[in-house]
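Structure at a glance
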Amino acid sequence: MKIKLLLALTLVCGYAFADHHEGDRKPGMFAGQRAEMQATVEAIDHEARLVTLKRPDGTSVTFTPSPEVRNLDQVRVGDVLHVQVEQTVRIQVVGAEGIEPGAGEIVSITRSEEGEMPAMAAVDTQVLLAKVVAIDVEAMTYKLEFPDGAVNEYTAMVRENLEAASVGDMVAIEVTESVLAVVEAVNRPE
């Protein structure tokens, strides 16, 4: 499961529970990254649905857009594809008496209307609840039970975060990936 691997990497690297606040608030963290890219349509074969894009570094890539890509016939050589990709990770320890580990996913995709330039937006959010089943402050370790019943042990980086958590708490992990892709018509006669 992708989210379990991401959690393991985040925890081992010491980022999880990095945003501890005084008082009775449980530890948590938030991290995100964003990338923007663009490429110019270098060649297009509408019948074969084959597109060649030229990247800013001068290299080219040729691919066949999936059948879900609507309005490919609107695209011409010289048009520019703009893509934004964003990933966020939120991890929060919460008191959750009576709640068991669980997982869920929400996916939303939208695309341009018929006759418009190709465009799409997609958001994929995965949520995982893992139960804290053991905390050893002296050894700086804790164990989480996942929805599939697996129990994994992790090493904490901040003692105060372990002290703020309790056995029975839930660790809520939310990973969201979003993509926005828009083809811009360039240098077209009006």
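Every residue gets a number counted from 1 within its own chain, in the order that chain's sequence is written. Only residues with pLDDT of 70 or above have their local features reported here, since the model is predicted, and side-chain atom pairs are shown and tallied only from 80 upward, although totals for entire chains, interfaces and linings are computed over all residues. Hydrogen atoms and water are omitted, and side-chain values are computed over all heavy atoms in the structure.

Focus on the overall build of the chain
By the criteria applied, helices consist of DSSP H or I runs no shorter than four residues and strands consist of E runs no shorter than two, each listed in order from the N terminus. In terms of regular secondary structure, the chain is built from 2 helices and 9 strands. Its helices and strands in sequence order give the chain the pattern α-β-β-β-β-β-β-β-β-α-β, from N to C terminus. Exposed residues in this analysis have more than 50% of their type's maximum accessible area, buried residues have under 20%, and partly exposed residues fall in between, with area computed by a 1.4 Å probe over protein chains only. Within the chain, the fraction of its 190 residues that count as buried is 31%. Surface accessibility in these figures is a Shrake-Rupley result with a 1.4 Å probe; residues are shielded only by whichever protein chains are displayed. Carbon and sulfur atoms make up 53% of the accessible area of the chain, which amounts to about 11200 Å² in all.

Notes on the side chain of Thr 176
Within the fold, Thr 176 resides in strand E9 (residues 170-184). The exposure class assigned to Thr 176 is buried, which follows from its relative accessible area of 15%. N or O atoms within 3.5 Å of each other form a polar contact, as long as, within protein, one can give a hydrogen and the other can take it, and as long as residues adjacent in sequence are counted only when both atoms are side-chain atoms. At a separation of 3.1 Å, a polar atom in the side chain of Thr 176 contacts the side chain of Thr 125.

Observations concerning the confidence of the model for the chain
Scored by pLDDT, the chain has a mean of 86; 86% of the residues are at 70 or more. Values of pLDDT, which run from 0 to 100, indicate the predictor's confidence residue by residue. Any two residues having at least one pair of non-hydrogen atoms within 4.5 Å are treated as being in contact. A low-confidence stretch, residues 1-22 (pLDDT under 50), is modelled with 58 contacts involving residues beyond four sequence positions or located in other chains.

Quick look at the pairing of strand E1 (residues 28-45)
Note: two strands are recorded as paired if DSSP finds a minimum of 2 bridges between them. Where E1 and strand E4 (residues 80-94) come together, 13 bridges link them in antiparallel fashion. Counted as the bridge partner of Phe 30 is Arg 90 from E4. As judged from the 5 bridges shared by E1 and strand E2 (residues 50-54), these two strands associate in the antiparallel manner. Bridge assignment links Ile 44 to a residue of E2, and that residue is Val 51. The loop that links E1 with its antiparallel partner E2 comprises 4 residues; one of these, Arg 49, has a positive phi angle of about 55°.

Quick word on the side chain of Asn 71
With respect to the helices and strands, the residue Asn 71 is situated in the loop between strand E3 (60-63) and E4. A polar side-chain atom of Asn 71 sits 2.6 Å from the main-chain carbonyl oxygen of Glu 113. At 2.9 Å, the side chain of Asn 71 forms a polar contact with the backbone oxygen of Glu 116. Apart from residues lying up to four places away in sequence, Asn 71 is in contact with Ser 112, Glu 113, Glu 114, Gly 115, Glu 116 and Pro 118.

Quick notes on the nonpolar core
Here, nonpolar core means buried Ala, Val, Leu, Ile, Met, Phe, Trp, Tyr and Cys residues that are tied together by side-chain atoms lying within 4.5 Å of each other. Grouped together as the largest cluster of nonpolar side chains are 18 residues, with contacts concentrated most on Ile 91, Tyr 142, Leu 144, Phe 146, Val 171 and Ile 173. Formed by 7 residues, the second largest nonpolar core is a distinct cluster that contains Ala 39, Leu 53, Val 75 and Val 183.

What to know about the pattern of salt bridges
Whenever a carboxyl oxygen of Asp or Glu lies within 4 Å of a side-chain nitrogen of Lys or Arg, that contact is scored as a salt bridge. Evaluated as defined, the whole model comprises 4 salt bridges. Measuring nitrogen to oxygen at the nearest pair gives 2.9 Å for the salt bridge that ties Lys 26 to Asp 169. Remark: Asp 169 occurs in the loop between helix H2 (159-164) and E9 and Lys 26 occurs in the loop between helix H1 (2-12) and E1; sequence separation between them is 143 residues. Each member of the pair, Lys 26 as well as Asp 169, is classed as buried. The salt bridge involving Glu 114 is made with Arg 70; its shortest N-O contact spans 3.5 Å. One end of the pair, Glu 114, is in the loop between strand E5 (102-111) and strand E6 (119-136); the other, Arg 70, is in the loop between E3 and E4, and 44 residues separate them in sequence.

A look at the environment of Val 127
Of note, Val 127 is situated in strand E6. Measuring from C-alpha to C-alpha, the distance between Val 127 and Val 175 comes to 6.5 Å, with 48 residues separating the pair along the chain.

Focus on the environment of Ala 35
Looking at the element boundaries, Ala 35 is found in strand E1. C-alpha of Ala 35 to C-alpha of Val 83: the two residues are 48 residues apart in sequence and 8.2 Å apart in space. Apart from residues no more than four positions distant in its own chain, Ala 35 is found in contact with Val 83, Gln 84 and Val 85.

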